[in-house]
Amino acid sequence: MSERRPVIAANWKMNKSIEEAEEFCNALLPRICDVGAQVVICPPFLALNTVVEATKGGEVEVAAQNMHFEPDGAFTGEVSAAMLLDAGALAVVLGHSERRQLFGETDEALSRKVPVALENGLLPIFCVGESEEERERDDTDRVLRRQVDAGLSRVPEARLGEVVIAYEPIWAIGTGKTATPEEAEDACGFIRSLVSARSEAAGQAIRILYGGSVKPANAADLLGREEIDGALVGGASLDPGDFAAIVMAA
Ligand code: 13P
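Every chain begins its residue count from 1, and numbering advances along the sequence as written. Per-residue local features are limited, in this predicted model, to residues with pLDDT of at least 70; the limit for side-chain atom pairs, both in listing and counting, is 80 or more; totals at the level of whole chains, interfaces and linings are taken over all residues. Only hydrogens and water are set aside; all other atoms, that is, all heavy atoms of the structure, feed into the side-chain values.

## Here's the deal with the site of the ligand
- In the neighbourhood of the ligand, the contacting residues comprise Asn11, Lys13, His96, Glu168, Ala172, Ile173, Gly174, Gly212, Ser213, Leu232, Gly234 and Gly235.
- The term polar contact refers here to a pair of N or O atoms within 3.5 Å; inside protein, the definition further demands a hydrogen-donor-capable atom paired with an acceptor-capable atom, and it admits residues adjacent in sequence only when both atoms are side-chain atoms. Between Lys13 and the ligand, the recorded distance is 2.8 Å, taken from a side-chain N or O atom to an oxygen atom.
- A distance of 2.9 Å is found between an oxygen atom of the ligand and a backbone nitrogen or oxygen belonging to Gly234.
- Protein contact buries 95% of the 300 Å² of open area that the ligand shows by itself.
- By the convention adopted, Pro, Cys, Tyr, Trp, Phe, Met, Ile, Leu, Val and Ala count as nonpolar, Lys, Arg, Asp and Glu as charged, and the other residues, Gly among them, as polar. Looking at side-chain class alone, the shell around the ligand contains three nonpolar, seven polar and two charged residues. It suffices for a single heavy atom of a residue to lie within 4 Å of a molecule or strand for the residue to be listed as near it. Using a 1.4 Å probe, the Shrake-Rupley method yields the accessible areas, and only the shown protein chains count as cover for residues.

Written out as C-alpha coordinates, the structure is:
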(Lines give C-alpha, C1' and ligand atoms only; values in the text may rest on other atoms or scores of the structure.)
Protein backbone atom coordinates (compact mmCIF):
# COMPACT_ATOMS: atom_id res chain seq x y z
CA MET A 1 0.00 0.00 0.00
CA SER A 2 1.03 3.62 -0.50
CA GLU A 3 1.01 6.55 1.93
CA ARG A 4 -2.69 7.03 1.25
CA ARG A 5 -4.55 6.22 4.49
CA PRO A 6 -6.33 2.91 4.03
CA VAL A 7 -10.08 2.64 4.54
CA ILE A 8 -11.60 -0.55 5.89
CA ALA A 9 -15.38 -0.39 5.70
CA ALA A 10 -18.00 -2.83 6.96
CA ASN A 11 -21.05 -2.92 4.72
CA TRP A 12 -23.66 -4.73 6.78
CA LYS A 13 -26.26 -4.48 3.99
CA MET A 14 -29.72 -5.45 5.40
CA ASN A 15 -28.38 -7.19 8.50
CA LYS A 16 -28.42 -6.62 12.26
CA SER A 17 -31.03 -5.29 14.67
CA ILE A 18 -30.31 -2.28 16.87
CA GLU A 19 -29.35 -4.57 19.72
CA GLU A 20 -27.05 -6.66 17.50
CA ALA A 21 -25.43 -3.48 16.17
CA GLU A 22 -24.60 -2.37 19.69
CA GLU A 23 -23.24 -5.81 20.62
CA PHE A 24 -21.02 -5.77 17.53
CA CYS A 25 -19.51 -2.40 18.45
CA ASN A 26 -18.85 -3.50 22.02
CA ALA A 27 -17.07 -6.60 20.73
CA LEU A 28 -15.13 -4.77 17.99
CA LEU A 29 -13.73 -1.73 19.79
CA PRO A 30 -11.37 -3.52 22.21
CA ARG A 31 -9.96 -5.50 19.27
CA ILE A 32 -8.89 -2.53 17.14
CA CYS A 33 -6.71 -0.24 19.27
CA ASP A 34 -4.08 1.94 17.57
CA VAL A 35 -5.07 1.16 14.00
CA GLY A 36 -3.67 3.19 11.13
CA ALA A 37 -6.64 2.64 8.87
CA GLN A 38 -9.83 4.69 8.72
CA VAL A 39 -12.43 2.23 9.99
CA VAL A 40 -16.00 2.73 8.81
CA ILE A 41 -19.16 0.84 9.72
CA CYS A 42 -22.15 1.06 7.37
CA PRO A 43 -25.21 -0.20 9.24
CA PRO A 44 -28.81 -0.09 8.04
CA PHE A 45 -30.39 3.38 8.51
CA LEU A 46 -32.22 2.41 11.69
CA ALA A 47 -29.02 1.38 13.48
CA LEU A 48 -26.98 4.44 12.37
CA ASN A 49 -27.43 6.39 15.54
CA THR A 50 -26.88 3.32 17.72
CA VAL A 51 -23.50 2.71 16.07
CA VAL A 52 -22.62 6.42 16.35
CA GLU A 53 -23.34 6.33 20.09
CA ALA A 54 -21.65 2.98 20.67
CA THR A 55 -18.43 4.11 18.94
CA LYS A 56 -18.29 7.68 20.31
CA GLY A 57 -14.82 8.85 21.30
CA GLY A 58 -13.22 6.00 19.34
CA GLU A 59 -11.76 5.91 15.88
CA VAL A 60 -14.66 4.27 14.09
CA GLU A 61 -16.70 6.36 11.67
CA VAL A 62 -20.23 5.62 10.59
CA ALA A 63 -21.63 5.56 7.05
CA ALA A 64 -25.06 5.10 5.51
CA GLN A 65 -25.64 2.70 2.63
CA ASN A 66 -27.53 5.09 0.36
CA MET A 67 -28.77 8.69 0.09
CA HIS A 68 -31.03 10.80 -2.13
CA PHE A 69 -29.51 13.79 -3.91
CA GLU A 70 -32.35 16.20 -3.15
CA PRO A 71 -32.26 18.04 0.20
CA ASP A 72 -35.92 17.34 1.02
CA GLY A 73 -39.31 16.87 -0.59
CA ALA A 74 -41.82 14.27 -1.73
CA PHE A 75 -39.47 11.27 -2.07
CA THR A 76 -41.13 8.51 -0.06
CA GLY A 77 -38.70 6.08 1.47
CA GLU A 78 -35.61 8.20 0.87
CA VAL A 79 -33.20 10.07 3.16
CA SER A 80 -31.13 13.19 2.44
CA ALA A 81 -27.51 14.04 3.16
CA ALA A 82 -28.57 16.43 5.93
CA MET A 83 -30.59 13.67 7.59
CA LEU A 84 -27.58 11.36 7.58
CA LEU A 85 -25.39 14.06 9.12
CA ASP A 86 -28.09 14.68 11.70
CA ALA A 87 -27.93 10.99 12.65
CA GLY A 88 -24.15 11.28 13.07
CA ALA A 89 -23.01 9.66 9.81
CA LEU A 90 -19.78 10.97 8.25
CA ALA A 91 -19.83 8.92 5.07
CA VAL A 92 -22.20 7.24 2.63
CA VAL A 93 -21.93 4.26 0.29
CA LEU A 94 -23.24 5.20 -3.16
CA GLY A 95 -23.93 3.05 -6.20
CA HIS A 96 -23.45 -0.35 -4.63
CA SER A 97 -24.09 -3.01 -7.29
CA GLU A 98 -27.05 -4.34 -5.29
CA ARG A 99 -28.66 -0.91 -5.55
CA ARG A 100 -27.81 -0.71 -9.24
CA GLN A 101 -29.08 -4.21 -10.04
CA LEU A 102 -32.01 -4.65 -7.66
CA PHE A 103 -33.26 -1.10 -7.12
CA GLY A 104 -32.67 0.64 -10.42
CA GLU A 105 -29.87 2.98 -9.29
CA THR A 106 -28.65 4.76 -12.42
CA ASP A 107 -25.39 6.40 -13.49
CA GLU A 108 -27.37 9.62 -13.86
CA ALA A 109 -28.59 9.52 -10.23
CA LEU A 110 -25.05 8.75 -9.07
CA SER A 111 -23.69 11.71 -11.01
CA ARG A 112 -25.82 13.83 -8.68
CA LYS A 113 -25.36 11.87 -5.46
CA VAL A 114 -21.55 11.87 -5.34
CA PRO A 115 -21.14 15.69 -5.49
CA VAL A 116 -24.09 16.26 -3.15
CA ALA A 117 -22.46 14.01 -0.53
CA LEU A 118 -19.20 16.00 -0.81
CA GLU A 119 -20.97 19.37 -0.69
CA ASN A 120 -22.66 18.30 2.52
CA GLY A 121 -19.44 17.11 4.14
CA LEU A 122 -20.10 13.38 3.79
CA LEU A 123 -17.34 11.11 2.50
CA PRO A 124 -18.73 9.36 -0.59
CA ILE A 125 -17.74 5.69 -0.96
CA PHE A 126 -18.66 5.31 -4.60
CA CYS A 127 -18.95 1.72 -5.88
CA VAL A 128 -18.23 0.45 -9.37
CA GLY A 129 -17.74 -3.01 -10.82
CA GLU A 130 -18.46 -5.30 -13.73
CA SER A 131 -20.66 -8.40 -13.90
CA GLU A 132 -19.30 -11.85 -14.68
CA GLU A 133 -20.73 -11.67 -18.19
CA GLU A 134 -19.09 -8.28 -18.81
CA ARG A 135 -15.73 -9.60 -17.62
CA GLU A 136 -16.06 -12.69 -19.82
CA ARG A 137 -16.66 -10.63 -22.94
CA ASP A 138 -13.70 -8.41 -22.03
CA ASP A 139 -15.86 -5.40 -21.26
CA THR A 140 -14.50 -4.67 -17.78
CA ASP A 141 -12.59 -1.50 -18.69
CA ARG A 142 -15.46 -0.09 -20.73
CA VAL A 143 -17.95 -0.65 -17.88
CA LEU A 144 -15.62 0.81 -15.26
CA ARG A 145 -14.95 3.84 -17.47
CA ARG A 146 -18.67 4.46 -17.96
CA GLN A 147 -19.43 4.14 -14.23
CA VAL A 148 -16.46 6.24 -13.06
CA ASP A 149 -17.03 8.95 -15.68
CA ALA A 150 -20.70 9.24 -14.71
CA GLY A 151 -20.23 9.18 -10.94
CA LEU A 152 -17.45 11.77 -10.98
CA SER A 153 -18.81 13.92 -13.83
CA ARG A 154 -20.19 16.67 -11.59
CA VAL A 155 -17.39 16.56 -9.00
CA PRO A 156 -15.17 19.63 -9.37
CA GLU A 157 -11.54 18.83 -10.13
CA ALA A 158 -10.37 20.34 -6.83
CA ARG A 159 -12.45 17.80 -4.88
CA LEU A 160 -11.95 14.68 -7.00
CA GLY A 161 -9.23 13.33 -4.72
CA GLU A 162 -11.61 13.32 -1.74
CA VAL A 163 -13.91 10.68 -3.20
CA VAL A 164 -13.35 7.07 -2.15
CA ILE A 165 -14.01 4.57 -4.94
CA ALA A 166 -14.75 0.92 -4.18
CA TYR A 167 -14.03 -1.53 -6.98
CA GLU A 168 -16.43 -4.42 -6.42
CA PRO A 169 -16.64 -6.96 -9.23
CA ILE A 170 -20.19 -8.30 -9.04
CA TRP A 171 -19.04 -11.88 -9.60
CA ALA A 172 -16.98 -11.70 -6.38
CA ILE A 173 -19.71 -10.32 -4.11
CA GLY A 174 -21.07 -12.83 -1.63
CA THR A 175 -19.84 -15.69 -3.80
CA GLY A 176 -16.68 -16.65 -1.93
CA LYS A 177 -14.96 -16.11 -5.28
CA THR A 178 -12.41 -13.35 -4.64
CA ALA A 179 -10.67 -11.52 -7.43
CA THR A 180 -7.00 -12.46 -7.36
CA PRO A 181 -4.79 -9.69 -5.97
CA GLU A 182 -3.52 -9.19 -9.54
CA GLU A 183 -7.04 -8.83 -11.00
CA ALA A 184 -8.06 -6.48 -8.19
CA GLU A 185 -4.91 -4.39 -8.55
CA ASP A 186 -5.27 -4.17 -12.33
CA ALA A 187 -8.81 -2.84 -12.04
CA CYS A 188 -7.95 -0.42 -9.22
CA GLY A 189 -4.98 0.84 -11.24
CA PHE A 190 -7.20 1.33 -14.28
CA ILE A 191 -9.69 3.32 -12.18
CA ARG A 192 -6.82 5.45 -10.85
CA SER A 193 -5.69 6.14 -14.41
CA LEU A 194 -9.19 7.40 -15.25
CA VAL A 195 -9.04 9.85 -12.34
CA SER A 196 -5.46 10.85 -13.18
CA ALA A 197 -6.55 11.71 -16.71
CA ARG A 198 -8.66 14.50 -15.18
CA SER A 199 -6.20 15.48 -12.47
CA GLU A 200 -2.81 13.94 -11.78
CA ALA A 201 -2.92 15.11 -8.15
CA ALA A 202 -6.38 13.63 -7.63
CA GLY A 203 -5.25 10.34 -9.14
CA GLN A 204 -2.45 10.17 -6.59
CA ALA A 205 -4.69 11.16 -3.68
CA ILE A 206 -7.86 9.21 -4.37
CA ARG A 207 -8.35 6.06 -2.34
CA ILE A 208 -9.52 3.00 -4.24
CA LEU A 209 -10.81 0.04 -2.26
CA TYR A 210 -11.44 -3.54 -3.28
CA GLY A 211 -14.64 -5.36 -2.27
CA GLY A 212 -15.84 -8.89 -2.97
CA SER A 213 -15.41 -11.84 -0.57
CA VAL A 214 -12.69 -10.14 1.49
CA LYS A 215 -11.93 -12.31 4.51
CA PRO A 216 -9.24 -12.48 7.20
CA ALA A 217 -7.49 -15.16 5.11
CA ASN A 218 -7.11 -13.06 1.95
CA ALA A 219 -7.05 -9.51 3.36
CA ALA A 220 -3.29 -9.11 3.77
CA ASP A 221 -2.60 -10.21 0.19
CA LEU A 222 -5.12 -7.79 -1.27
CA LEU A 223 -4.26 -4.90 1.04
CA GLY A 224 -0.55 -5.33 0.41
CA ARG A 225 -0.97 -4.19 -3.19
CA GLU A 226 0.22 -0.71 -4.12
CA GLU A 227 -2.99 0.21 -5.97
CA ILE A 228 -5.42 -1.11 -3.33
CA ASP A 229 -6.10 1.40 -0.57
CA GLY A 230 -8.46 -0.63 1.57
CA ALA A 231 -11.48 -2.90 1.53
CA LEU A 232 -15.26 -2.75 1.50
CA VAL A 233 -16.29 -5.87 3.36
CA GLY A 234 -19.71 -7.52 3.26
CA GLY A 235 -20.24 -10.97 4.81
CA ALA A 236 -17.05 -11.04 6.89
CA SER A 237 -17.91 -7.66 8.40
CA LEU A 238 -20.86 -9.13 10.29
CA ASP A 239 -18.53 -10.88 12.72
CA PRO A 240 -16.53 -8.56 14.98
CA GLY A 241 -13.58 -10.96 15.19
CA ASP A 242 -13.32 -11.37 11.41
CA PHE A 243 -13.76 -7.66 10.77
CA ALA A 244 -11.15 -6.77 13.39
CA ALA A 245 -8.71 -9.20 11.76
CA ILE A 246 -9.21 -7.47 8.40
CA VAL A 247 -8.73 -4.04 10.02
CA MET A 248 -5.50 -5.22 11.63
CA ALA A 249 -4.25 -6.54 8.26
CA ALA A 250 -4.39 -3.01 6.78
P1 13P B 1 -18.98 -9.76 0.39
O2 13P B 1 -17.77 -9.35 1.22
O3 13P B 1 -20.03 -10.47 1.21
O4 13P B 1 -18.60 -10.46 -0.85
O5 13P B 1 -19.69 -8.39 -0.06
C6 13P B 1 -18.93 -7.42 -0.67
C7 13P B 1 -19.76 -6.18 -0.74
O8 13P B 1 -20.72 -6.12 -1.48
C9 13P B 1 -19.38 -5.05 0.12
O10 13P B 1 -20.08 -3.91 -0.24
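Still more ground to cover, so stick around.
## Quick notes on the pattern of salt bridges
- Here, a salt bridge means any Lys or Arg side-chain nitrogen found within 4 Å of an Asp or Glu carboxyl oxygen. On inspection of all chains with the given rule, the structure shows 19 salt bridges.
- Glu98 is paired through a salt bridge with Lys13; the nearest N and O atoms lie 2.8 Å apart. Of this pair, Glu98 sits in helix α4 (residues 97-103) while Lys13 sits in the loop between β1 (7-11) and α1 (18-28), and the two are 85 residues apart along the sequence.
- Residue class for Glu98 comes out partly exposed when judged on its relative accessible area of 26%.
- Among the salt bridges present, the one from Arg192 reaches Glu227, with a minimum N-O distance of 2.5 Å. Of this pair, Arg192 sits in helix α8 (residues 181-198) while Glu227 sits in the loop between α10 (216-223) and β8 (230-233); the two residues are 35 residues apart in sequence, bridging distant segments of the chain.
- Classification of Arg192 as buried rests on a relative accessible area of 4%.
- In this structure Glu227 comes out as partly exposed when scored by relative accessible area, which is 21%. Helical segments are the DSSP runs of H or I of at least four residues, strand segments are the runs of E of at least two, and each set is numbered from the N terminus. Only protein chains enter the accessibility calculation, which uses a 1.4 Å probe; a residue whose area is less than 20% of its type maximum is buried, one above 50% is exposed, and one in between is partly exposed.

## Quick word on the sheet that holds strand β2 (residues 38-42)
- Ordered by their spatial adjacency, eight strands build a closed barrel running β1-β2-β3-β4-β5-β6-β7-β8, and the pairing between neighbours is parallel. When the angles between neighbouring strand axes are averaged without regard to direction, this sheet yields 25°.
- By this definition, two strands are paired if DSSP reports at least two bridges between them. Looking at chain direction, strand β3 (residues 60-64) and strand β4 (residues 91-94) are connected through two bridges and run parallel. Among the inter-strand pairings, Ala63 is bridged to a residue of β4, identified as Ala91.
- Between two residues, a contact is recorded if the distance between any of their heavy atoms is within 4.5 Å. Think of each axis as a best-fit line through the C-alpha atoms, taken over the contacting stretch in the case of a helix, with angles from 0 to 180 degrees between the N-to-C directions. Sheet strands touched by helix α11 (residues 240-249): β1, β2 and β8. Its angle to β1, the strand with the most contacts, is close to 160°.

## A few points about a nonpolar patch on the surface
- Two distance rules govern patches: like charges are joined within 9 Å, and nonpolar side chains (Val, Leu, Ile, Met, Phe, Trp, Tyr) within 5 Å, applied only to residues with over 30% relative accessible area and no salt bridge. Taken together, the side chains of Ile18, Phe45 and Leu46 define a hydrophobic patch exposed on the protein surface, amounting to about 330 Å² of accessible area.
- Within the secondary structure, Phe45 sits in the loop between β2 and α2 (48-54).
- Relative accessible area serves as the criterion here: at 37%, Phe45 is assigned to the partly exposed category.

Structural measurements only, silent on function.
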